[in-house]
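# Tertiary structure, described
These are the residues of each chain, in order.
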Amino acid sequence: MKALNPIVIAGQEVLPIVEGGKGVAVSNGLSSGSWAAAGGIGTFSGVNADSYDTAGHHIPQLYYGRTRKDRHEELVKYAIEGGITQARIAHETRGNNGRLHINILWEMGGAERVLEGIMDKCKGLIQGVTCGAGMPYRLAEIAAHYNIHYYPIISSGRAFRALWKRAYHKFAELLGGVVYEDPWLAGGHNGLSNSEDPRKPEDPYPRVVALRQVMNEAGLQNTPIIMAGGVWWLNEWDHWLDNPEIGPVAFQFGTRPLLTQESPISAAWK
Ligand SMILES: Cc1cc2nc3c(=O)[nH]c(=O)nc-3n(C[C@H](O)[C@H](O)[C@H](O)COP(=O)(O)O)c2cc1C
């Protein structure tokens, strides 16, 4: 296998391996901070993250409001407090190594308010935001407000082109990378468009080459693509490394880190 060399992401050298964000409360402060401590990019989920009381007990997210609006407000409050809690844990665990990202889902309830509420209290703790599940046109603008890098999660070059043309070209310098999440291979919820058949998986290689072409046309030759979905053993991805058709590349793991000691899921699930 080729040596896995650090690459420059958002102006800093890191190992090109990423723990993908996993909700709800599946990638957390400890898992993402530990990943970053080892020199990679850890991503904690900002989707209804867990918070704790002063005795360290998990606060159950129960809803008392009588109206939908009241309960929505409770959800946003829980999510902001949980995100801040996990960001602080991750920051302490990371010890200034690697990088820390927050993940949110664009279509989740209160997405913008939750992200902004967390970022308002986490200056200097979080270096990037990854976001998919929808077309997050406003992601770049929000990231620019906090001066952090942003990483859209897309499943085709076509989706990236639309985001770039409409919004991201105005914030090019803060685009840290583009996550290609393969719609057939990735764990979690996946973004198949109407033109793709869930029963007919396509090889990710030509799809990522097509994404790279779109990015090169936009002058993003040096911006890494983060390949997500079915990445298990990097030996199988040797031909992606140092390959001009792919360009700078990093690899995102979602399912595999579920089995680590730092992963918060139950032993039964593991
Ligand atoms: C249990 C689970 C939850 C996930 N939740 C999210 C999420 O909330 N947001 C997101 O962008 N991706 C989510 N993902 C996708 C991962 O971040 C990652 O891109 C994907 O799992 C990579 O594919 P792999 O599972 O084959 O490694 C989730 C994946 C899993 C397995």
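Residues numbered from 1 in each chain as written. Predicted model: local features only at pLDDT ≥ 70, side-chain atom pairs only at ≥ 80, totals over all residues. Heavy atoms only, no water.

Moving on, we get to the overall build of the protein chain. Scanning the protein chain from terminus to terminus reveals six helices and 10 strands. Along the three orthogonal principal directions, the C-alpha set of the protein chain runs to about 55 × 40 × 40 Å. Within the span of the protein chain, comprising 270 residues, buried residues form 52% of the whole. Pairs at least 24 residues apart make up 64% of the contacts formed inside the protein chain by residues separated by at least 6 positions. (Helix = DSSP H or I, 4+ residues; strand = E, 2+ residues; numbered from the N terminus. Buried < 20%, exposed > 50% of the residue type's maximum accessible area, 1.4 Å probe, protein only. Contact = heavy atoms within 4.5 Å.)

So, on to the pairing of strand 7 (residues 149–154). Working note: regular strand, side chains alternate between the two faces of the sheet. Among the six residues in strand 7, six count as buried, and that is most of the element. Every second residue of strand 7 is oriented toward a common face, with His-149, Tyr-151 and Ile-153 on one face and Tyr-150, Pro-152 and Ile-154 on the other, all of them buried. Summarising the sheet, strand 6 (residues 128–132) and strand 7 pair through four bridges and their orientation is parallel. By the bridge assignment, Cys-131 is partnered in strand 7 with Pro-152. One crossover worth recording links strand 6 to the parallel strand 7 by way of helix 4 (residues 139–146), and it is right-handed. Pairing of strand 7 with strand 8 (residues 178–181) involves two bridges; the strand directions are parallel. Along strand 8, the bridge assignment pairs Ile-153 with Val-179. Following the backbone out of strand 7, through helix 5 (residues 157–166) and into the adjacent parallel strand 8, one traces a crossover that is right-handed. (Pairing = 2+ DSSP bridges. Right-handed = clockwise from strand over helix to strand, strands pointing away.)

Another aspect to go through is the nonpolar core. Residues Ile-126, Tyr-150, Phe-160, Tyr-168, Trp-240 and Phe-251 are the most contacted members of the largest nonpolar core, which totals 61 residues. Once residues within four sequence positions are removed from consideration, Phe-251 is found in contact with Pro-16, Ile-17, Val-18, Ile-226, Met-227, Val-231, Leu-234, Trp-237, Trp-240 and Leu-241. (Core = buried A, V, L, I, M, F, W, Y, C linked by side-chain atoms within 4.5 Å.)

Inspection of the entire model under this criterion finds 10 salt bridges. Across the pair Glu-196 and Arg-207 runs a salt bridge, and its minimum N-O distance is 2.7 Å. Taken together, the positions of Glu-196 in the loop between strand 8 and helix 6 (204–217) and Arg-207 in helix 6 put the pair 11 residues apart, joining distant regions of the chain. Here Glu-196 and Arg-207 have matching classes, each one buried. Shared partners join several salt bridges into a network, and the residues in it are Glu-112, Arg-138 and Glu-141. (Salt bridge = Lys/Arg side-chain N within 4 Å of Asp/Glu carboxyl O.)

Next up on the list: the layout of surface pockets. Roughly 170 Å³ of internal volume is contained in the second largest pocket. As for the second largest pocket, its lining consists of Ala-3, Leu-4, Asn-5, Pro-6, Ile-7, Pro-16, Leu-241, Asp-242, Gly-247, Pro-248 and Val-249. Among the residues making up the lining of the second largest pocket, the classes are represented as eight nonpolar, two polar and one charged. (1 Å grid on protein atoms, 1.4 Å probe; cavity = no way out; pocket = protein on both sides within 12 Å on 5 of 7 lines; lining within 4 Å. Points joined across faces, edges and corners; volume = space filled by probe spheres on them. Nonpolar A, V, L, I, M, F, W, Y, C, P; charged D, E, K, R; others polar.)

Here we take up the site of the ligand. Around the ligand, 20 residues are found, and the nearest of them are Gly-21, Asn-103, Glu-181, Gly-230 and Thr-255. Gly-23 is positioned such that a nitrogen or oxygen atom in its backbone is 3.0 Å from an oxygen atom of the ligand. The fraction of the free accessible surface of the ligand (610 Å²) that becomes covered by protein chains is 91%. Listing elements by their share of the shell around the ligand, those giving two or more residues are strand 5 (99–105) and strand 10 (249–253). Classifying every residue of the shell around the ligand gives six nonpolar, 12 polar and two charged. (Near = heavy atom within 4 Å. Polar contact = N/O pair within 3.5 Å; in protein donor to acceptor, adjacent residues only side chain to side chain. Areas by Shrake-Rupley, 256 points an atom, 1.4 Å probe, with all protein chains shown as cover.)

A full pass over the atoms with the stated rule returns seven aromatic pairs. Judged by centre distance (5.7 Å) and plane angle (85 degrees), the ring pair of Tyr-205 and Trp-240 falls under edge-to-face. Of this pair, Tyr-205 sits in helix 6 while Trp-240 is found in the loop between strand 9 (225–228) and strand 10, placing the two residues 35 residues apart along the sequence. Under the relative-accessibility criterion, Tyr-205 is labelled buried at 17%. Aromatic rings pair up to connect Tyr-205, Trp-237, Trp-240 and Phe-251 into one cluster. (Phe/Tyr/Trp six-rings, centres within 6.5 Å; stacked < 30°, edge-to-face > 60°.)

Time to look at the state of the cysteines. All chains considered together, the criterion is met by zero disulfides. Not part of a disulfide, Cys-122 finds its nearest cysteine sulfur in Cys-131, a span of 17 Å. (Disulfide = S-S within 2.5 Å.)

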